[in-house]
There are 4 protein chains.
Amino acid sequence: MDRTLTLSFSCPDASGIVAAVSSFVAQHKGWITEASQHTEHELGRFFMRMEIKASSLDFPPEAFGPHFSPLAQQFGLEWTLSDSDQPRRVVLLCSKQEHCLYDLLARQVSQDFRFIVPCVVSNHEAHRKVVEAHGIPFHYVPVTPENKHAAYRRMEQIFRDEKADLIVLARYMQVLDEELCRNFAGKIINIHHSFLPSFAGAKPYHQAHRRGVKLIGATCHFVTPELDEGPIVEQDVIRVDHSDTPDDMVQLGKDIEKVVLARGLRAVVEDRVLLAGHKTVVFR
Amino acid sequence: MDRTLTLSFSCPDASGIVAAVSSFVAQHKGWITEASQHTEHELGRFFMRMEIKASSLDFPPEAFGPHFSPLAQQFGLEWTLSDSDQPRRVVLLCSKQEHCLYDLLARQVSQDFRFIVPCVVSNHEAHRKVVEAHGIPFHYVPVTPENKHAAYRRMEQIFRDEKADLIVLARYMQVLDEELCRNFAGKIINIHHSFLPSFAGAKPYHQAHRRGVKLIGATCHFVTPELDEGPIVEQDVIRVDHSDTPDDMVQLGKDIEKVVLARGLRAVVEDRVLLAGHKTVVFR
Amino acid sequence: MDRTLTLSFSCPDASGIVAAVSSFVAQHKGWITEASQHTEHELGRFFMRMEIKASSLDFPPEAFGPHFSPLAQQFGLEWTLSDSDQPRRVVLLCSKQEHCLYDLLARQVSQDFRFIVPCVVSNHEAHRKVVEAHGIPFHYVPVTPENKHAAYRRMEQIFRDEKADLIVLARYMQVLDEELCRNFAGKIINIHHSFLPSFAGAKPYHQAHRRGVKLIGATCHFVTPELDEGPIVEQDVIRVDHSDTPDDMVQLGKDIEKVVLARGLRAVVEDRVLLAGHKTVVFR
Amino acid sequence: MDRTLTLSFSCPDASGIVAAVSSFVAQHKGWITEASQHTEHELGRFFMRMEIKASSLDFPPEAFGPHFSPLAQQFGLEWTLSDSDQPRRVVLLCSKQEHCLYDLLARQVSQDFRFIVPCVVSNHEAHRKVVEAHGIPFHYVPVTPENKHAAYRRMEQIFRDEKADLIVLARYMQVLDEELCRNFAGKIINIHHSFLPSFAGAKPYHQAHRRGVKLIGATCHFVTPELDEGPIVEQDVIRVDHSDTPDDMVQLGKDIEKVVLARGLRAVVEDRVLLAGHKTVVFR
């Protein structure tokens with residue numbers, strides 16, 4: 001696979017941005033292999049993402065910043081550049097349920113999308129063997145009402161030691177504290193087992209069963225201090241009927257949870273997700 | 001198509017019900033072509049639906065009741081029998097939006113499922129011509145804050161005159177009053193343009209847009225005096241993304257609304273829907 | 001809605017195209033509200049589509065061609081420009097089945113997307129009343145083995161008289177002759193009632209039933225002289241099971257046929273569909 | 001979970017079967033918790049499946065056969081009885097791709113449905129560690145053009161030693177020989193990475209890409225000596241577009257393959273799948 005630079009940015013909407021940015025790339029012989037744009041009218045902001053063949057540019061990837069900065073300043077761009085040669089480091093957090101963990105491990109093995117799992121953190125020992133069979137370190141960090149604060153600080157230390165770019169709650173059954181949410185804002189994604197905003201909070205499948213809905217869902221979202229209120233990245237649903245008990249829904253829901261989490265994570269890892277207020281722009 | 005009797009019932013759960021009912025049918029030479037059953041454990045109730053070839057029975061359809069009553073009493077059955085030779089009379093209510101109306105008219109023309117539209121009632125004149133082109137009477141009943149009570153009584157009169165078995169709110173944009181809901185309890189179905197319980201009430205697509213959800217939905221439900229709280233019959237969703245405005249969602253949602261309403265109506269017309277408290281059993 | 005110009009083009013792939021075209025638009029103060037691009041590597045061709053606010057340009061829409069031609073020639077662009085003030089004229093062809101016809105009529109009434117139906121042509125009289133209730137002329141053109149050639153020539157005359165931009169076979173049950181396919185190449189779209197390439201030809205639902213598939217589908221494609229072989233625009237499927245007879249599939253399939261045809265037509269009308277050999281690029 | 005007996009059978013269609021079987025169960029105090037039936041008219045055969053609470057019967061599970069046989073003979077039933085206390089032994093075959101293997105291992109860990117994996121067989125060593133981390137024996141059986149016959153005989157021996165009820169080709173990339181297919185007829189299920197009958201044979205995603213389809217699919221089917229022609233158990237599809245390369249389709253397809261295989265396996269394990277000629281009846 002060719003080395004690729006992915007530029008994504010947002011800025012106040014104005015005419016000429018696309019022309020300016022694509023001319024900059026063209027002047028430096030850059031080959032744009034993919035580009036997407038969007039204007040969020042309520043916010044008056046413009047969003048763009050483009051992939052550029054690194055080898056086509058007339059400067060090395062490290063020199064992109066210095067060359068691009070003047071233009072970025074002119075239009076007030078908030079921008080990031082990522083390099084396919086430096087895959088994202090994604091720490092996985094799990095509890096007892098295995099479906100999201102196994103699914104992400106399988107994707108890491110085959111590199112469905114480019115990411116590294118530097119370690120797995122869990123409040124249970126259940127999955128140590130399988131994780132270690134992949135050569136991935138497994139950190140057991142129990143969380144109790146008493147040790148909560150200390151436990152989360154220890155986890156933060158692990159994230160920093162492992163140079164985590166992203167933290168994924170792969171059906172991790174503890175609510176992170178506000179400090180952790182703030183310190184890693186925009187870097188933590190969760191899978192909630194309902195089609196938000198329906199059935200936020202605890203036991204969503206039981207809530208769904210009580211209401212008699214005909215579809216159940218899952219939502220991948222950024223974690224913010226407000227429980228289940230963060231910007232939504234991806235959602236999907238699956239059909240149920242009157243014969244499904246809450247336990248059946250728990251089983252059926254797993255197939256949706258893991259696929260929604262994986263799609264959401266992939267989009268984030270590939271810089272397809274840009275925050276727009278409390279919503280997201282998700283480029284395909 | 002063969003003349004078919006559809007027996008559906010619910011009763012307190014007990015062993016031997018299926019055996020008793022199917023033996024009754026067998027003793028009378030009845031040929032069961034389809035059968036479904038369900039136990040609602042919370043309610044301790046058993047639900048069943050079966051289709052029987054009318055010609056196979058050793059008594060005429062009219063004699064089913066007298067023959068079946070003793071058994072029904074023994075097990076405490078609440079039962080209904082419907083006859084494919086007497087299609088349901090379904091009154092359609094619409095406002096300005098045309099998609100559900102046209103969809104149901106098309107299905108009535110081709111008899112996708114067996115039903116008759118004895119008349120259409122609307123608070124707008126918009127669709128008179130198309131309705132009348134089908135030879136179906138069109139009743140214009142304007143509803144204003146002042147005349148509401150009188151208008152709904154006039155509509156009730158129309159329902160009675162037309163011997164309506166069912167009333168379908170095909171994107172009818174007025175909230176029925178409590179009296180009407182009570183008088184026709186279990187006979188009115190509505191299509192709500194959200195995936196309930198999310199976004200009940202007014203302008204659900206605008207609510208969905210504000211929250212940044214990645215799927216929008218529609219819900220077919222029985223109408224009760226509590227707005228958008230009635231038992232759910234059918235739901236479905238469709239994918240949207242950041243580029244869709246509320247107006248785009250209104251357009252996209254139409255494709256889901258009409259198909260969810262049609263599926264829900266079909267299930268009700270074919271006696272596949274049994275009420276179980278504030279939920280439904282929907283046999284396939 | 002603002003007047004919008006939609007530019008779409010393809011050309012041999014090269015670096016600098018996006019920069020050149022977007023700079024051209026920017027120099028003329030044009031505001032790009034939507035843009036999509038794609039490279040078809042097998043063909044070595046680049047495809048692009050952009051929407052421009054007409055009022056933002058420093059020349060009138062009519063002057064786009066003269067201004068743009070030099071650039072278009074330089075890069076070898078095959079391009080079209082369409083103007084939202086001149087909606088596409090879409091002639092509908094139908095036979096006895098009503099579902100696609102009604103669906104498109106409803107969309108035309110509410111202008112789900114911008115198009116005009118100048119007339120409907122049918123080999124049956126069945127839907128004259130409903131079509132005429134919309135103020136749309138209805139042409140009855142019977143097709144028999146004997147009069148086929150004459151009938152298709154008469155239809156071609158109607159298409160020309162009505163200045164048809166597109167012809168839609170809305171479950172039209174006759175196979176167009178080669179002459180008609182050639183004369184209106186790239187302008188005729190059909191809905192086939194299977195998930196092509198499975199079950200091409202006659203009675204696809206019966207074929208599907210025989211094979212015991214668990215999903216049935218529909219395919220919207222451009223019509224070419226090779227039956228059911230034209231470039232595919234859109235497809236979708238719906239679940240069936242062992243209990244569905246071929247007749248049930250015919251009914252269930254209607255819901256997929258009409259929605260797939262409508263989505264395909266919408267994409268074509270909005271210039272989102274570009275031909276790439278025997279395949280299509282369909283921009284969202 | 002209660003111990004459950006699942007009775008499934010097929011027989012020549014006749015009236016009175018349901019009555020006879022449910023009366024038999026009722027006479028022995030059996031509690032039917034789930035029941036489904038179907039008539040395959042082309043074959044003139046009737047199919048039924050019922051779940052019975054083992055503890056409710058007035059005889060032990062082992063005595064079901066002797067009690068039921070006379071009735072079974074009278075109606076010509078081909079029947080099987082399975083006991084939830086004796087979960088199916090499912091041998092997994094895999095090659096290099098990991099997604100189906102990991103998915104089934106995860107389901108086995110959490111017992112999404114009741115089954116045991118007595119061993120995994122592979123023609124590659126790739127997944128030994130992960131399999132053994134679960135305490136499951138891993139058999140490496142390389143298959144080359146030269147050793148094919150011997151390799152398959154060795155595999156048959158493993159299946160017999162492990163008392164395999166079912167063999168699952170979890171993206172196993174070798175074509176089983178006819179002898180193996182015959183010896184384990186009705187016991188081997190495969191996941192094919194296309195929506196059959198489209199794109200049977202090798203490299204289906206490349207075939208799909210060439211044809212320009214807008215959805216790709218997967219099919220779970222019984223293995224017969226005719227490649228990709230066995231009775232279909234389950235299918236599903238996922239959307240692709242012009243921008244997806246064959247390699248992208250390979251990645252995207254994995255999400256459909258694993259879920260279709262798992263659903264198909266679950267249905268088979270739960271005795272929901274009955275063979276009806278070259279098709280299947282799949283009770284929900």
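Residues numbered from 1 in each chain as written. Chains lettered and ligands numbered in written order. Predicted model: local features only at pLDDT ≥ 70, side-chain atom pairs only at ≥ 80, totals over all residues. Heavy atoms only, no water.

(A) Seen up close, the overall build of chain A. What chain A contains, in helices and strands, is 8 helices and 14 strands. Computed over its C-alpha atoms, the radius of gyration of chain A comes to 21 Å, within 12% of the 19 Å expected for a compact globule of 284 residues. With the principal axes as the frame, chain A shows a C-alpha extent of 60 × 40 × 35 Å. In chain A, of all internal contacts separated by at least 6 residues, the share reaching a separation of at least 24 is 66%. Put simply, chain A shows about 11,000 Å² of open surface, and 52% of that area lies on carbon and sulfur atoms. (Helix = DSSP H or I, 4+ residues; strand = E, 2+ residues; numbered from the N terminus. Rg over C-alpha atoms; globule rule 2.2 N^0.38 Å. Contact = heavy atoms within 4.5 Å. Areas by Shrake-Rupley, 256 points an atom, 1.4 Å probe, with all protein chains shown as cover.)

(B) Examining the relation of the copies chain D and chain C more closely. For the pair chain D and chain C, the superposition axis carries a translation of 0.0 Å, the fit reaches an RMSD of 0.0 Å, and the rotation angle comes to 180°. Expressed as a symmetry operation, the mapping of one chain copy onto the other fits a two-fold axis. Closest to the rotation axis within chain D is the C-alpha of Ser198(D), separated from it by 2.6 Å. (Least-squares fit on C-alpha atoms with pLDDT ≥ 70 in both.)

(C) Summary view of the side chain of His209(A). Here His209(A) is to be found in helix H7 (residues 204-211). The class of His209(A) is buried, set by a relative accessible area of 10%. Once you skip the residues sitting within four places of it in the chain, His209(A) turns out to touch Asp244(A), Thr245(A), Pro246(A), Met249(A), Glu42(B) and Lys279(B). (Buried < 20%, exposed > 50% of the residue type's maximum accessible area, 1.4 Å probe, protein only.)

(D) Summary view of the interface of chain D and chain C. Taken together, the contacts link 36 residues of chain D with 36 residues of chain C. Both faces combined, the contact of chain D with chain C buries some 3,000 Å², and carbon together with sulfur accounts for 50% of it. By the criterion of area lost to chain C, the three top residues of chain D are Arg211(D), Lys214(D) and His242(D), representing 24% of everything that side buries. For the interface between chain D and chain C, the tally reads 6 salt bridges. Counting residues per element, the side of chain D that touches chain C draws most heavily on strand E12 (residues 232-239) of chain D, at 7 residues. When grouped by side-chain class, the residues that make up the side of chain D that touches chain C number 12 nonpolar, 10 polar and 14 charged. (Buried area = accessible area lost by both parts, 1.4 Å probe. Salt bridge = Lys/Arg side-chain N within 4 Å of Asp/Glu carboxyl O. Nonpolar A, V, L, I, M, F, W, Y, C, P; charged D, E, K, R; others polar.)

(E) Local environment of the pairing of strand E12 (residues 232-239) of chain A. Residue and element names in this part refer to chain A. Along E12, 6 of the 8 residues are buried, which leaves the element largely enclosed by surrounding structure. Bridge count for strand E11 (residues 215-222) against E12 is 7 bridges, and the pairing is antiparallel. Residue pairing across strands places His221 opposite Ile232, the latter belonging to E12. (Pairing = 2+ DSSP bridges.)

(F) Looking closely at the domain arrangement of chain A. Residues and elements named next belong to chain A. When cut into domains, chain A gives domain 1 (4-83) and domain 2 (88-282). Computed over C-alpha atoms only, the centres of domain 1 and domain 2 are separated by 31 Å. Each partner contributes residues to the interface: domain 1 has 13 residues there, and domain 2 has 10 residues. Summed over both sides, the interface of domain 1 with domain 2 buries roughly 790 Å², with 56% coming from carbon and sulfur. Counting across the domain 1 and domain 2 interface gives 3 salt bridges. (Domains from an automatic or database assignment.)

(G) Representation of unusual backbone geometry within the structure. Cis rather than trans, the peptide bond between Leu196(A) and Pro197(A) has omega equal to 10°. Positionally, Pro197(A) belongs in the loop between strand E10 (188-192) and H7. Residues other than glycine seldom take positive phi values, yet Lys203(B) does so here, at roughly 50°. By the secondary structure assignment, Lys203(B) is in the loop between strand E10 (188-192) and helix H7 (204-211).

(H) Region of interest: the confidence of the model for chain A. Per-residue pLDDT for chain A averages 95, and the proportion of residues at 70 or more is 100%. Scored by ipTM, the complex comes to 0.93, with pTM at 0.96. (pLDDT = per-residue confidence, 0-100.)

(I) Structural context of the packing of aromatic side chains. Within this structure, the stated rule accounts for 42 aromatic pairs over all chains. Taken together, a centroid distance of 6.4 Å and an interplanar angle of 40° make the contact between Phe24(A) and Phe59(A) tilted. Highlighted residues: Phe24(A) in helix H1 (residues 17-27) and Phe59(A) in the loop between strand E3 (45-53) and helix H2 (64-75), separated in sequence by 35 residues. Per residue, the accessibility class of Phe24(A) equals that of Phe59(A), and both read buried. Considering the side-chain rings of Phe159(B) and Phe184(B), the 5.4 Å spacing of their centres and the 85° angle between planes classify their relative orientation as edge-to-face. Placement of the pair is Phe159(B) in helix H5 (residues 148-161) and Phe184(B) in the loop between helix H6 (178-183) and E10, with a sequence separation of 25 residues. Classification of Phe159(B) as buried rests on a relative accessible area of 1%. (Phe/Tyr/Trp six-rings, centres within 6.5 Å; stacked < 30°, edge-to-face > 60°.)

(J) Representation of the sheet that holds strand E3 (residues 45-53) of chain C within the structure. Residues and elements named next belong to chain C. The strand order across the open sheet formed by 4 strands is E2-E3-E1-E4, and the pairing between neighbours is antiparallel. For this open sheet the edge positions go to strand E2 (32-40) and strand E4 (78-83), each flanked by a neighbour on one side alone. Averaged over all neighbouring strand pairs, the angle between strand axes comes to 10°, with direction disregarded. Its contacts with the sheet place helix H1 (residues 17-27) against strand E1 (4-12), E2 and E3, and it is angled at close to 20° to E3. With respect to the sheet, helix H2 (residues 64-75) is in contact with E1, E3 and E4, its orientation differing from that of E4 by roughly 155°. (Axes fitted to C-alpha atoms, helices over the stretch in contact; angles between N-to-C directions.)

(K) Quick look at helix H8 (residues 246-269) of chain D. Residues and elements named next belong to chain D. Helix length check: H8, at 24 residues, gives a terminal C-alpha distance of 33 Å against a target of 34 Å (1.5 Å per residue), a fit within 8%. Of all the bends found along H8, the most pronounced is centred on Gly253 and spans about 30°. Burial runs high along H8: 17 of the 24 residues are buried. Two residues or fewer past H8, Asp271 is found with a positive phi of approximately 60°. (Expected span 1.5 Å × (residues − 1). Bend = angle between axes of the 7 residues up to and from the residue.)

(L) The arrangement of the sheet that holds strand E3 (residues 45-53) of chain B in detail. Residues and elements named next belong to chain B. Spatial ordering of the open sheet is given by E2-E3-E1-E4, a layout of 4 strands whose pairing is antiparallel. Looking along the sheet, the strands with just one partner apiece sit at the ends: strand E2 (32-40) and strand E4 (78-83). The average angle at which neighbouring strand axes cross in this sheet is 10°, direction not considered. Alignment of E2 against E3, held across 8 bridges, turns out to be antiparallel. Counted as the bridge partner of Ile32 is Ile52 from E3. Across the sheet, helix H1 (residues 17-27) touches strand E1 (4-12), E2 and E3, and the angle it forms with E3 is around 20°. Against the sheet, helix H2 (residues 64-75) contacts E1, E3 and E4, and its axis sits at roughly 155° relative to E4.

(M) The environment of Lys279(B), seen in detail. Relative to the assigned elements, Lys279(B) resides in strand E14 (residues 279-282). Through-space distance from the C-alpha of Lys279(B) to that of His221(B) is 9.7 Å; in sequence the pair is 58 residues apart. Those residues in contact with Lys279(B), other than ones at most four positions away along the chain, are His209(A), Arg210(A), Arg211(A), Gly212(A), Glu40(B), Pro231(B) and Leu274(B). One polar contact links the side chain of Lys279(B) to the main-chain carbonyl oxygen of His209(A), over a distance of 2.7 Å. (Polar contact = N/O pair within 3.5 Å; in protein donor to acceptor, adjacent residues only side chain to side chain.)

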